[in-house]
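Chain residues, written in single-letter form:
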Amino acid sequence: MMAALRPDKIWWTAAEIADGRIVGMPGTRQGVEAEAKRSNWRDHPEWSRQRSGKGGGWEYNWQLFPIAARRKLLKEATLPDQEAQNASPDLADLQAYYESLPEGVKAKAQHRKKVLCEVLTHERSGLTRFFAVSQVALMNDIGDRTIWNWFKLVKGRPEADWLYLLAPRNKMSGGRKTKAECSPEFMDYLKGLFLQLEGPTFAQAYRDTKKIALNNGWAILCDRTARRRMNEQVPRVVQVYAREGIAGLERCFPPMIRSKLDMHAMEHVNADCHKFDVFTEWEDGYVDRCQIVAFQDIYSGKVLSWRIDHTPNEAAVMSAFGEMVESWGIPEHCTFDNGREFAAKWLSGGVKTRYRGKIRDDDPMGVLPLLGIQIHWATPGHGQAKPVERTFRDFASDIAKDIRFAGAYVGNRPDAKPENYKSRAVPIKDFIRVVDERIKEHNARMGRMSETANGRSFDVTFAESYERSAIRRATDEQKRLWLMGQKTLTMQKNHGRIHAFGNYFWSDWMAEYAGKRVIVRFDIEDLQSGVYIYELTGEFMGFAPCQLAKGFRDLTAAKENARAKAQFRLAHRKMLKAERRLNQKEIAAQLDAIPVPDPIVPENKIVAMHKGEARPIAARATRPAYEDEMTPEQEAEVIAFQEKFYADQKRKEAKAKDEEPIDRYRRAVALEQELSAGKNIGASAANWLRGYQTTSEYFAHRDMHRDVGDHFVWFE
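The rules we used
Counting from 1, residues in each chain are numbered in the order their sequence is written. Totals for whole chains, interfaces and linings use every residue, but because this is a predicted model, local features are given only for residues with pLDDT of at least 70 and side-chain atom pairs only at 80 or more, for both listing and counting. Only hydrogens and water are set aside; all other atoms, that is, all heavy atoms of the structure, feed into the side-chain values. By definition, any uninterrupted DSSP run of H or I lasting at least four residues is a helix, any uninterrupted run of E lasting at least two residues is a strand, and each is numbered from the N terminus. For the exposure calls, accessible area comes from a 1.4 Å probe over protein chains only, and a residue counts as buried if that area is under 20% of its type's maximum, exposed if over 50%, partly exposed in between. Should any heavy atoms of two residues lie within 4.5 Å, those residues are considered in contact. Surface accessibility follows the Shrake-Rupley procedure with a 1.4 Å probe radius. Residue values consider only the protein chains on display as shielding. What pLDDT expresses is the predictor's confidence in each residue, scored from 0 to 100. One bridge is not enough; two strands pair if DSSP finds at least two bridges between them. Axes here refer to lines fitted to C-alpha atoms; in helices the fit is confined to the stretch in contact. Angles between the N-to-C directions go from 0 to 180 degrees. Salt bridges are defined as contacts in which a side-chain nitrogen from Lys or Arg sits within 4 Å of a carboxyl oxygen from Asp or Glu. Between 65 and 115 degrees an angle is taken as roughly perpendicular, under 35 as roughly parallel, over 145 as roughly antiparallel, and anywhere else as oblique. Each crossing gets its handedness from the near helix: less than a right angle anticlockwise from the far helix is left-handed, clockwise is right-handed. For this classification, the nonpolar set comprises Ala, Val, Leu, Ile, Met, Phe, Trp, Tyr, Cys and Pro, the charged set comprises Asp, Glu, Lys and Arg, and every other residue, Gly included, is treated as polar. In this context, the arc is that of the directions from the helix axis out to the C-beta atoms. N or O atoms within 3.5 Å of each other form a polar contact, as long as, within protein, one can give a hydrogen and the other can take it, and as long as residues adjacent in sequence are counted only when both atoms are side-chain atoms. A helix is expected to span 1.5 Å multiplied by its residue count minus one. Throughout, nonpolar core names a set of buried Ala, Val, Leu, Ile, Met, Phe, Trp, Tyr and Cys residues whose side chains join them through atoms within 4.5 Å.

Visitor: Give a description of the overall build of the protein chain that names residues and reports values.
Guide: Tallying secondary structure elements over the protein chain gives 26 helices and 18 strands in all. Here the protein chain holds 716 residues, and the buried ones make up 37% of them. For the protein chain, restricting intrachain contacts to residue pairs at least 6 apart in sequence, the fraction spanning at least 24 positions comes to 63%. When the accessible surface of the protein chain is totalled, it reaches about 44,500 Å², and 52% of it is carbon and sulfur.

Visitor: Can you break down the confidence of the model for the protein chain residue by residue, with the values?
Guide: Scored by pLDDT, the protein chain has a mean of 79; 79% of the residues are at 70 or more. Across residues 172-176 the pLDDT falls below 50, and counting only partners more than four positions away or on other chains, this stretch makes four contacts in the model.

Visitor: Talk me through the sheet that holds strand S4 (residues 268-275); I want residue IDs and the actual numbers.
Guide: Within a beta sheet, neighbouring strands are joined by backbone hydrogen bonds and run either parallel or antiparallel to one another. Taken in spatial order, the five strands make up an open sheet running S8-S7-S4-S9-S10, and their pairing is mixed. A single partner strand is all that each edge strand has here, and the edge strands are strand S8 (303-309) and strand S10 (374-378). Averaged over neighbouring strand pairs, the angle between their axes works out to 20 degrees when direction is ignored. In this structure, strand S9 (residues 333-337) lies alongside S10, joined through five bridges in parallel fashion. Looking at the pairing, Phe-336 lines up with Trp-377 of S10. On the sheet, helix H16 (residues 388-398) packs against S4, strand S7 (291-297) and S8 and is oriented at approximately 40 degrees with respect to S4. Taken strand by strand, helix H17 (residues 428-444) contacts S7 and S8, and its axis lies near 165 degrees from that of S8.

Visitor: For the pattern of salt bridges, give the residues involved together with the corresponding values.
Guide: Per the counting criterion, the structure on display carries 30 salt bridges. Among the ionic pairs, Glu-441 bridges to Arg-438, the shortest N-O distance being 3.2 Å. With Glu-441 and Arg-438 both in helix H17 and three residues apart, this pair spans about one turn of that helix. In this structure Arg-438 comes out as partly exposed when scored by relative accessible area, which is 23%. Glu-697 is the partner of Arg-664 in a salt bridge, and the nearest nitrogen-oxygen pair spans 3.0 Å. In this pair, Arg-664 is assigned in helix H23 (residues 661-676) and Glu-697 in helix H25 (residues 696-708), connecting sequence segments 33 residues apart. Owing to a relative accessible area of 19%, Arg-664 belongs among the buried residues under this scheme. Overlapping salt bridges bring together Asp-402, Arg-404, Glu-437, Arg-438 and Glu-441 as one network.

Visitor: Explain the packing of H23 against helix H24 (residues 683-692) to me, and be specific about the residues and the numbers.
Guide: At a minimum axis separation of 10 Å, H23 and H24 run at an interaxial angle of 120 degrees. Taken together, the axis directions place H23 and H24 in an arrangement best described as oblique. For the pair H23 and H24, the sense of crossing is left-handed. Facing Pro-661, Arg-664, Tyr-665, Arg-667, Ala-668, Leu-671, Glu-672 and Leu-675 of H23, the residues of H24 in contact are Ala-685, Trp-688, Leu-689 and Tyr-692. Of the residues assigned to the contact of H23 with H24, the class counts are nine nonpolar, no polar and three charged.

Visitor: Account for helix H18 (residues 458-466), naming residues and giving values.
Guide: Listing the buried residues of H18 in full gives Phe-458, Thr-461, Phe-462, Ser-465 and Tyr-466. Angular distribution of buried residues about the axis of H18 spans 125 degrees; they occupy a single face of the element. Buried residues along H18 sit in contact with S7, S8, helix H13 (314-328) and H17.

Visitor: Outline the side chain of Ser-183, supporting the account with residue identities and numerical values.
Guide: Residue position: Ser-183 is located in the loop between helix H8 (162-165) and helix H9 (184-194). Here Ser-183 falls in the buried class, since its relative accessible area comes to 13%. A polar side-chain atom of Ser-183 sits 2.8 Å from the main-chain amide nitrogen of Ala-219. Excluding anything up to four places from it in sequence, Ser-183 contacts Trp-218 and Ala-219.

Visitor: Let's hear about helix H5 (residues 103-124): which residues, and what values?
Guide: Counted at 1.5 Å a residue, the expected span for H5 with its 22 residues is 32 Å, and the 31 Å between its end C-alpha atoms agrees. Listed in full, the buried residues belonging to H5 are Lys-106, Ala-109, Arg-112, Val-115, Leu-116, Val-119 and Leu-120. Turning to H5, the residues buried within the fold contact helix H4 (91-99), helix H6 (129-140), helix H7 (144-153) and H8. One or two steps after H5, the chain reaches Gly-126, where phi turns positive at roughly 120 degrees.

Visitor: I'd like to hear about the sheet that holds strand S1 (residues 11-13), residue by residue, with values.
Guide: The strand order across the open sheet built from three strands is S1-S3-S2, with neighbouring strands paired in antiparallel fashion. Of all strands in the sheet, those with a lone pairing partner are S1 and strand S2 (48-50), marking the two edges. Ignoring which end each strand starts from, the neighbouring axes of this sheet average 30 degrees apart. Judged from the three bridges that link them, S1 and strand S3 (residues 58-61) form a sheet pairing that is antiparallel. Across the sheet, Trp-11 pairs through a bridge with Asn-61, a residue of S3.

Visitor: Mind laying out the environment of Arg-393, listing which residues take part and the relevant values?
Guide: Topologically, Arg-393 is positioned in helix H16. Among the residues examined, Arg-393 registers a relative accessible area of 55% and is labelled exposed. Sequence spacing of Arg-393 and His-274 is 119 residues, and the spatial spacing of their C-alpha atoms is 9.4 Å.

Visitor: Got a sec to walk through the nonpolar core? Specific residues and values, please.
Guide: One finds Phe-295, Phe-321, Met-324, Phe-336 and Leu-368 to be the most contacted residues of the largest nonpolar core, which totals 28 residues. Broken down by secondary-structure element, the contributors of at least two residues to this core are S4, S7, H13, S9, helix H15 (367-370) and H18. The element contributing the most residues to this core is H13, with seven residues. Beyond its immediate sequence surroundings of up to four residues, Met-324 is in contact with Met-266, Val-269, Phe-295, Leu-304, Ser-305, Gly-329 and Pro-331.

In structure tokens, the structure reads:
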């Protein structure tokens, strides 16, 4: 058994606890006695005793103190072999204190050392120390006694340590003023009121907390001291998380530094959608704010292709993607967010990490997987993962605020509308013409200061890398993939004709495959031009012309109904648990419990009551009796269940009362040691250990165990 590590003082009176400023304990004798009564300290004869001698009273063992207080007392305890080590001041503490001082205070320590060194210089020249001190004091205009006091501070220490010993010590613990004390409940309620997502002001939280504290008789702090205490106990990042949520917490974490120097043009592209802050008028007279789908090269920042439509949809994305591949080639990587238009099966079907829509075994492969493009999914609105977000910020200024769109600009916020708001709408053809002009200007603008452009334009940066990079080109067969939409359908079981979008498609070869499930690819802008039919595995089967047209020429128009569908949004929000010990209902209950003073009624006002018959008081409704009575067997079964339930409760309470927190921690340590040795502790013990290791009691005892070693766990 190892020697016990105990604090220097084992038994404490209530007055000594109050005077000792024990962590987590009241600062007055009356408060300590109230805490002892509330916690039933005197019910533990091994840890409480009546004080013998004059005055009487009670003494309490240190093990009754909160875990934080016991941890501090054990830290301050001194083992026998450490006493000699702690006889002199710790040089490391002096050095740390000196480094924490401002430059002005450090200069005073340096001046003191310089004076003492001058005295030693005169002493080495033959003068006595008494005469040397007098001479140096006269030259530096200071008193002799001051220099002698400085020599006392460095007595017996090497000259290398003098600078730390001579530093003014008014900031050290011995010179600090006693901190103002308050009831723990005061800070708990202050944190509960201030650390809210609604973001109340500290003044409002303090006023409500003060009202609750005065009603309960708790000790309080002044507002400035309470604010300082809040900042001391609750880190700034936790305060931001509590008041601003996950978005505020993420702003406190530095962004990742990404480099594009090891990439080349068309190696990695990204795409996203952006709604313009401009009213546009379409050919059918419909007015709305149109949206752009743009593909951008990540290496250079150049916008490679784009399309404009009413809403983001897979048809616009497919069209822009096809233009990019035809003009510049097939990229190796592509980054999207998880929007429906990008996660559509036309583009990304078959990708394991799509997480959109229902996944079926007969789903066709999307265009990007068929072309061998690796898809990456980014967080929506995350500009670091999708640089095109930064480009859209330029579009919101350079394009939306173009002089040719005056009167159609709507502002980027509801409170930022110009005075000529909604005075006109720009025809869609004119809008597309200006957008095309501005995007070309955006790519050709010189002076880009990204790490790859280095003062050049996006066009020049892209061209320089594109000329010396190996780019894959699409074959004629591959071009059908993005020029056409796709859908999985079943051929008619008798003759094999396919019915899609109100049109019928058939060729004589299709009768051989009647009833087969196939992939149908079609021109998204002209359904009457026929369809190309593929096996589910991707092999081309043949072409089928349109047999009967219903007039559905534009698939984009067929998908206008999808405009009203709501987009899914991530709703898992983590609530702050650290430092918030009280919920809103408890605080509201305390506020409601405060009596409201009656209003003062002016004496010169008399209210005359109307004379009339008293209204009858309605009889209180009685609770109806049960219609069905229990049978004797049912009643016996209920009584047996109640007896078993109360017996189990008493057994659990007795077990919890007999086992102390330190006993549970010892049991956990023993189980951990058995697991480390490779022993089987059983399923029941393993489940208990896993649950206990998540409790605050385990973490508190584990921290104390790490601080003081095995003395804490196995003391006698």
